[in-house]
Amino acid sequence: MKRIKFGDVRLSKNAEDNLLTAVKNNWITSGPFVKEFEKKWGELFDYKYNIMVNSGTGADIVACKSLFDLNAKRSLNLSDNEIIAPALAFVAVGTAIVDAGFKPVFVDIKRETLNIDPDKIEDKITPKTRAILAVHTMGRPCEMDKIMEIARKHNLYVIEDSCEAHGAKYKGKFIGNWGDMATFSFYSAHLICSGEGGVVSTNNERIAYFLASIKNHGRKPNDIYFQHDRIGGNYKMNDMEAAIGVAAIQDFWETFRIRRENVNYLIEKTKDLQKYAYFNLEDAGNENCGHAFSVTLKDPKYNLSKLYSFLEQNGIECKRNFGSMPTQHKAFEFLGHKLGEFPESEYVGDNGLHFGIHRYLSRDDLDYASEKLHEYFNNI
Ligand SMILES: Cc1ncc(COP(=O)(O)O)c(C=O)c1O
């Protein structure tokens, strides 16, 4: 009965043809389609070097691991190297940092933007900090000028997790071109889908070399086989995934336009409800990516679990606004944080949800979503 699903993928004829070619090539691990995908992806946003990997999570892990070639020292102790990250984001952000061998040092977010609060970053910087991992949550760019200023002042690298923000712009410049590396996901809910998949993009040739080596077991490229210079892993994308992904590039800007229009249409239709909730608005001078439609209640009395059930019962598939990784997810209990340390993230974790805004929704569907939101809020 679901009327508004979180994502909806339809393979084009091109994708089907590519897939068949990849299979018939008998070269289904990383091959020509991966190379083509890397080139065409880079051309979309002016990213010079693009390293396709197996997922957005893999992209975050590979990006973090490259710090061991840049400014981090290998150690058996996680806490010898720290990466600053927002307390609230999709959980892959925190787990990737730990998987890569770092201690995540969480910083609270801003409730209205869902992004890291730059004014709270400097207090968390220590001699062990190696990077800031900024996440453009729900397609809304972080305050990159402030983040870059802090990073430069403290000599830190910046990784932009852009998994929810393909094609977004901050102050006229594509996200991903602000920091040292940007990571993306090609999972089905995102603007380009390759089944599973991801990429790390960078404009720095030296970093690109490390990333390419890490995704392939830390190999030394162009040397005798089985010569490993660093701790890497198998994060490779296969050619069947790239065959699908590369076809989606052809209508990326069409997808981008439609999804942005969908979010903006719904924001316009629900303007009168902004007294009840924060929606994912666009800041002046920026261009958001239409990742999802986010609703964070302005007062807990508007009751998130009731809203969640109401929307679900009416065919709108909902997801919680992630929650605070350090204090609302058992997975991070070992870090020893206490509930109350990240009040904004915890508030959003308790009072926010989002639903899909994919390109196959009709105006009717969007009108329906607006109608249901009005029905809920006008009856509380
Ligand atoms: C911010 C963020 N980072 C990382 C990921 C992980 O991507 P994947 O699901 O491709 O592993 C996601 C996935 O949605 C995400 O939203």
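Starting afresh in each chain, residues are numbered from 1 along the sequence in its written order. In view of the model being predicted, local features appear only for residues whose pLDDT reaches at least 70, and side-chain atom pairs are presented and counted only at 80 or more, with totals across whole chains, interfaces and linings using the full set of residues.

(A) Molecular detail of the overall build of the chain. Helix and strand counts for the chain come out as 12 helices and 13 strands. Just to be clear, the radius of gyration here is over C-alpha atoms, and the globule rule we use is 2.2 Å times residues to the power 0.38. Over its C-alpha atoms the chain spans a radius of gyration of 21 Å, differing by no more than 12% from the 21 Å that the globule rule assigns to 380 residues. Taken over the C-alpha atoms alone, the chain extends approximately 70 × 50 × 35 Å along its principal axes. Partly exposed residues are those whose C-beta has more than 12 but fewer than 20 other C-beta atoms within 10 Å; 20 or more makes a residue buried and 12 or fewer makes it exposed, with C-beta atoms placed from the backbone. Taking all 380 residues of the chain together, the buried fraction comes to 50%. The helix and strand labels rest on DSSP assignments: H or I over at least four residues marks a helix, E over at least two residues marks a strand, and numbering proceeds from the N terminus.

(B) Layout of the sheet that holds strand S10 (residues 277-279). One open sheet accounts for four strands, arranged S10-S11-S13-S12; its pairing is antiparallel. A strand with exactly one partner marks an edge of an open sheet, and here the two such strands are S10 and strand S12 (318-320). Each strand axis lies, on average, 25 degrees off the axis of its neighbour in the sheet, ignoring direction. Bridge analysis of S10 against strand S11 (residues 293-297) gives three bridges, and the strand direction is antiparallel. Residue pairing in the sheet places phenylalanine 279 in a bridge with valine 295 of S11. Contacts between helix H9 (residues 304-313) and the sheet are confined to S11, S12 and strand S13 (352-355), with S13 contributing the most and set at about 15 degrees to the helix. Between any two strands, pairing holds if DSSP finds at least two bridges. Here, axes are lines fitted to C-alpha atoms. For helices the fit covers the stretch in contact, and angles between N-to-C directions go from 0 to 180 degrees. Once C-beta atoms have been placed from the backbone, residue pairs whose C-beta atoms lie within 7 Å are recorded as contacts.

(C) Expanded view of the environment of lysine 120. Counting through the fold element by element, lysine 120 comes out in the loop between strand S3 (103-107) and strand S4 (129-135). Each C-alpha atom, one on lysine 120 and one on lysine 110, is 10.0 Å from the other, the two residues being 10 residues apart in sequence. Filtering out sequence-adjacent residues up to four positions away, lysine 120 remains in contact with Val107 and Asp108.

(D) Representation of the domain arrangement of the chain. Boundaries of every domain are those given by an automatic assignment or by a domain database. Along its sequence, the chain is carved into domain 1 (13-250) and domain 2 (252-378). Measuring from the centre of the C-alpha atoms in domain 1 to the corresponding centre in domain 2 gives 25 Å. Each partner contributes residues to the interface: domain 1 has 32 residues there, and domain 2 has 33 residues. For the side of domain 1 that touches domain 2, the secondary-structure elements that each account for two or more residues are helix H4 (92-100), strand S6 (169-170) and helix H7 (239-250). Classification used: nonpolar for Ala, Val, Leu, Ile, Met, Phe, Trp, Tyr, Cys and Pro, charged for Asp, Glu, Lys and Arg, polar for all others including Gly. Among the residues making up the side of domain 1 that touches domain 2, the classes are represented as 18 nonpolar, six polar and eight charged.

(E) Quick peek at the site of the ligand. Any residue whose backbone-placed C-beta atom lies within 6 Å of a molecule or strand is treated as near that molecule or strand. The ligand sits among 15 residues. The nearest are Ser55, Gly56, Thr57, Cys163 and Ser185. Elements supplying a minimum of two residues to the shell around the ligand: helix H3 (56-65) and H4. No other element matches H3, which puts three residues into the shell around the ligand. When grouped by side-chain class, the residues that make up the shell around the ligand number seven nonpolar, five polar and three charged.

(F) Examining the nonpolar core more closely. Any set of buried Ala, Val, Leu, Ile, Met, Phe, Trp, Tyr and Cys residues joined through C-beta atoms within 7 Å is what this text calls a nonpolar core. With 109 residues, the main nonpolar core has Ile132 and Leu133 as its most contacted residues. Considering each element in turn, this core owes the most residues, six residues, to H7. Among the domains, domain 1 (13-250) and domain 2 (252-378) are the pair contributing at least three residues each to this core. Every residue in contact with isoleucine 132, bar those within four places of it in the chain, is listed here: Ile84, Ile121, Ile147, Ala151, Leu156 and Val158.

(G) Region of interest: helix H12 (residues 363-378). Working rule for helices: expected span equals 1.5 Å times residues minus one. The end-to-end C-alpha distance of H12 is 22 Å, a good match for the 22 Å that 16 residues give at a rise of 1.5 Å each. For H12, the full list of buried residues reads Leu366, Ala369 and Leu373. Angular distribution of buried residues about the axis of H12 spans 55 degrees; they occupy a single face of the element. Looking at H12, the residues exposed on the side facing more than 90 degrees away from the buried face are Arg363, Asp364, Glu371, Glu375 and Asn378. The inward-facing, buried residues of H12 contact helix H8 (252-269). Relevant arc is that of directions from the helix axis to the C-beta atoms, nothing else.

(H) Quick peek at the sheet that holds strand S1 (residues 49-53). Sheet architecture is open: seven strands sit in the order S1-S9-S8-S5-S4-S2-S3, paired in mixed fashion. Edge positions in the sheet fall to S1 and S3, since each of these pairs with one other strand and no more. Taken over all neighbouring pairs, the strand axes of this sheet differ in orientation by 25 degrees on average, direction set aside. Relative to S1, helix H2 (residues 32-45) is tilted by about 135 degrees, and along the sheet it contacts S1 and strand S9 (198-202). In the packing of H3 onto the sheet, contacts are made with S1, strand S2 (82-86), strand S5 (157-161), strand S8 (181-185) and S9, and the angle to S8 comes to roughly 160 degrees.

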